[in-house]
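Structure at a glance
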Amino acid sequence: MSDAPTLLVMKFGGTNMGDSRAIRHSASLAGRSVREGVRVVVVVSAMAGVTNQLLQLADAAQTGDIATANDEIAAMRTRHFTAAQELGAAPDSDTVREIREMHETLRQAVYGVYLLRELTPRSRDLIVAFGERLSAPLMTLALEQSGVRAHHVTGGEAGIVTDTHFGNARPLPTAYARIKDRLSGLLNAGVTPVVAGFMGETEQGALTTLGRGGTDFSATIIGKALGATEVWAWKDVDGVMSADPRVVKDARNIEVLSYGEVMELAYFGAKVLHPLAVTPLQESGIPLRVKSAADPDFPGTLVQADPHDDARHPVKAVTAIRNVSIINVTGAGVLGVPEVVASLFTAIARENITLLMVSQSSSMSNVSLAVQSLYAERTVSALRAAVSGELKVEEQPGVAVLAIVGSGMRGQKGVAAKLFGALANDEVNILMISQGSSELNISVAVEDAQVEHATRAVHGAFALQEVAGSV
Ligand SMILES: Nc1ncnc2c1ncn2[C@@H]1O[C@H](COP(=O)(O)OP(=O)(O)O)[C@@H](O)[C@H]1O
Ligand SMILES: N[C@@H](CC(=O)OP(=O)(O)O)C(=O)O
């Protein structure tokens, strides 16, 4: 960064909000910049594990198991009370009262699901967003305790107005002016806004969520709205790594990535960022920094507009999506008819299912589609309905998609050969192959049981442990 930042949006994820110690440390990271005269907006995720717990208890209520749902809510309340107490909240404080009231509202919402035995995407969103609504007051408390004036708001109160795609909502163009309007007052008054991430609300005021991992997206939406100097996503890793460090022990931090590269990585399973997180930053060119909360002075990964290529190392990272199914559509001759292929894709689009990979045999007797196994049944039914018995539609489960990513592979010869060679040496069978015309990635479908050692083999073959981060 050449100039000192004037406004930073800082995102803290579930791990960095996991307990009172983690929250106090996160608050100290934000406080450090505030004390240096930087205006900071803090965006928080739910305490680690809470989002999954909320999803599970909502399902329990829907199936009639209200006792389990209530036990989970009680355990969650204890966890938030404990954190508040450890952060110094008195039993009669605003924070404790707010946490108590929110759990009561949550209990009522879950009871409604139990009575109706119905969990709509809209009610699931309302329930699942309580995690972030509950962690925001804890961050405010920690900031106030460290001498930073702070005030928390929900995503809707912060101005994040979205469409009505519950569970996967997108900001409306009007959101940006509204966010600026809502948050500037606090910032101008010297108050640090704490925004509950992951959520927005419709024009009618119904709560929406932005998809799993959506707090990254909340932060970049706010960053764009306020014209932030940078957006900082604090993580439990050094930055974006050359592979998932849980799978590849010697994965290295990548110093610089382009928006496009990060999107490919996130799309192909690198859980480190939400796939759409960089999209709000693309037009304005605002950089995103992925930083380690454990090592705040380490520069982490800078994500920016320009590619930063190193001709010697065209591939920057290897990543994988697990739990994938290949859907094979076969039927000699029929698939050669353009209308038939069009009807397959129309059926998929109608179901709003994301295709991870597509390939068609040149004899036109087979089309293979890779989808997350979660959507396999729906995909098979939709395709069978679309081709009405003329073609065979079958699921092949137990697949994973492995991708190598890097803008430097554009026009480079031998990259695919090296990938296939590494997989062959490791006795990994390739089920499908695809390369986008942008040449930012090459992806292959392999058996899920082989994906971890395949990832390590590919990481080694491209010598990522030696070069990533040293560009
Ligand atoms: N290429 C990668 N680089 C860094 N982390 C990765 C990568 N792929 C997967 N991960 C995983 O992503 C995790 C961080 O993402 P996440 O837990 O969603 O962050 P947070 O909740 O703190 O925002 C890491 O613990 C790591 O295991
Ligand atoms: N809590 C939400 C949103 C989120 O972004 O969380 P995290 O930052 O912990 O990945 C989720 O689990 O999906």
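Remember, predicted model here, so these are calculated numbers, not experimental data.

About the criteria used
- Residues numbered from 1 in each chain as written.
- Chains lettered and ligands numbered in written order.
- Predicted model: local features only at pLDDT ≥ 70, side-chain atom pairs only at ≥ 80, totals over all residues.
- Heavy atoms only, no water.
- Pairing = 2+ DSSP bridges.
- Helix = DSSP H or I, 4+ residues; strand = E, 2+ residues; numbered from the N terminus.
- Axes fitted to C-alpha atoms, helices over the stretch in contact; angles between N-to-C directions.
- Contact = heavy atoms within 4.5 Å.
- Near = heavy atom within 4 Å.
- Polar contact = N/O pair within 3.5 Å; in protein donor to acceptor, adjacent residues only side chain to side chain.
- Areas by Shrake-Rupley, 256 points an atom, 1.4 Å probe, with all protein chains shown as cover.
- Nonpolar A, V, L, I, M, F, W, Y, C, P; charged D, E, K, R; others polar.
- Salt bridge = Lys/Arg side-chain N within 4 Å of Asp/Glu carboxyl O.
- Buried < 20%, exposed > 50% of the residue type's maximum accessible area, 1.4 Å probe, protein only.
- Core = buried A, V, L, I, M, F, W, Y, C linked by side-chain atoms within 4.5 Å.
- Expected span 1.5 Å × (residues − 1).

1. Structural notes on the sheet that holds strand β15 (residues 430-435)
Spatial strand order, β12-β13-β11-β14-β16-β15: 6 strands in an open sheet with antiparallel pairing. Looking at strand neighbours, the two that pair on one side only are β12 (357-360) and β15, the edges of this open sheet. Along the sheet, successive strands turn relative to each other by an average axial angle of 30°, direction set aside. Strand direction decides the pairing type here: strand β11 (residues 317-330) and strand β13 (residues 366-372), joined by 7 bridges, are antiparallel. Within β13, the residue paired with Val329 across the bridge is Val367. Sitting on the sheet, helix α14 (residues 451-461) touches β11, β14 (392-405) and β16 (441-447), and the angle it makes with β11 is about 125°.

2. Quick look at the site of ligand 2
Taken together, the neighbourhood of ligand 2 is formed by Lys11, Gly13, Gly14, Ser45, Thr51, Glu132, Phe198, Arg212, Gly213, Gly214 and Thr215. Lys11 places a side-chain nitrogen or oxygen 2.8 Å from an oxygen atom of ligand 2. Side-chain polar atom of Thr51 to a nitrogen atom of ligand 2: 2.7 Å apart, as the coordinates give it. In the complex, the protein chains occlude 84% of the 340 Å² of accessible area that ligand 2 would expose alone. Partitioning the shell around ligand 2 into residue classes produces 1 nonpolar, 7 polar and 3 charged.

3. With respect to the pattern of salt bridges
Counting across every chain of the model gives 13 salt bridges. Its salt-bridge partner being Glu101, residue Arg97 comes within 3.6 Å of it at the nearest N-O pair. With a gap of 4 residues between them, Arg97 and Glu101 both fall in helix α4 (residues 94-116), about one helical turn apart. The partly exposed category is assigned to Arg97, whose relative accessible area is 38%.

4. Looking at the nonpolar core
Nonpolar side chains in soluble globular proteins tend to be buried together. One finds Phe12, Val42, Leu54, Val110, Ile127, Met139 and Leu143 to be the most contacted residues of the largest nonpolar core, which totals 57 residues. The next biggest cluster of nonpolar side chains, apart from the first, holds 43 residues, and it includes Val43, Val195, Leu226 and Val272.

5. Quick notes on α4
Counted at 1.5 Å a residue, the expected span for α4 with its 23 residues is 33 Å, and the 33 Å between its end C-alpha atoms agrees. When α4 is considered as a whole, its buried residues turn out to be Thr95, Val96, Ile99, Met102, His103, Leu106, Ala109, Val110, Val113 and Tyr114. Packed against the buried residues of α4 are α2 (50-62), α3 (66-86), α5 (121-128) and α6 (130-145). Following α4 by one or two positions, Arg117 has its phi on the positive side, about 50°.

6. Here's the deal with the side chain of Ser218
Its location among the elements puts Ser218 in helix α8 (residues 215-226). Since its relative accessible area comes to 0%, Ser218 is described here as buried. Residues in contact with Ser218, not counting those within four places in the same chain, are Val43, Ile160, Gly197, Phe198, Met199 and Leu210.

7. Structural notes on the site of ligand 1
What surrounds ligand 1 is a group of 16 residues, the closest being Lys11, Lys235, Met241, Arg246 and Lys271. Separating an oxygen atom of ligand 1 from a side-chain N or O atom of Asp244 is a distance of 3.1 Å. Between ligand 1 and the protein, one listed contact pairs an oxygen atom with a side-chain N or O atom of Arg246 at 2.9 Å. Summarising the interface, the protein chains cover 90% of the accessible area of ligand 1, which totals 570 Å² for the free molecule. Tallied by class, residues from the shell around ligand 1 come to 7 nonpolar, 3 polar and 6 charged.

Purely spatial values, then, with no claim about function.
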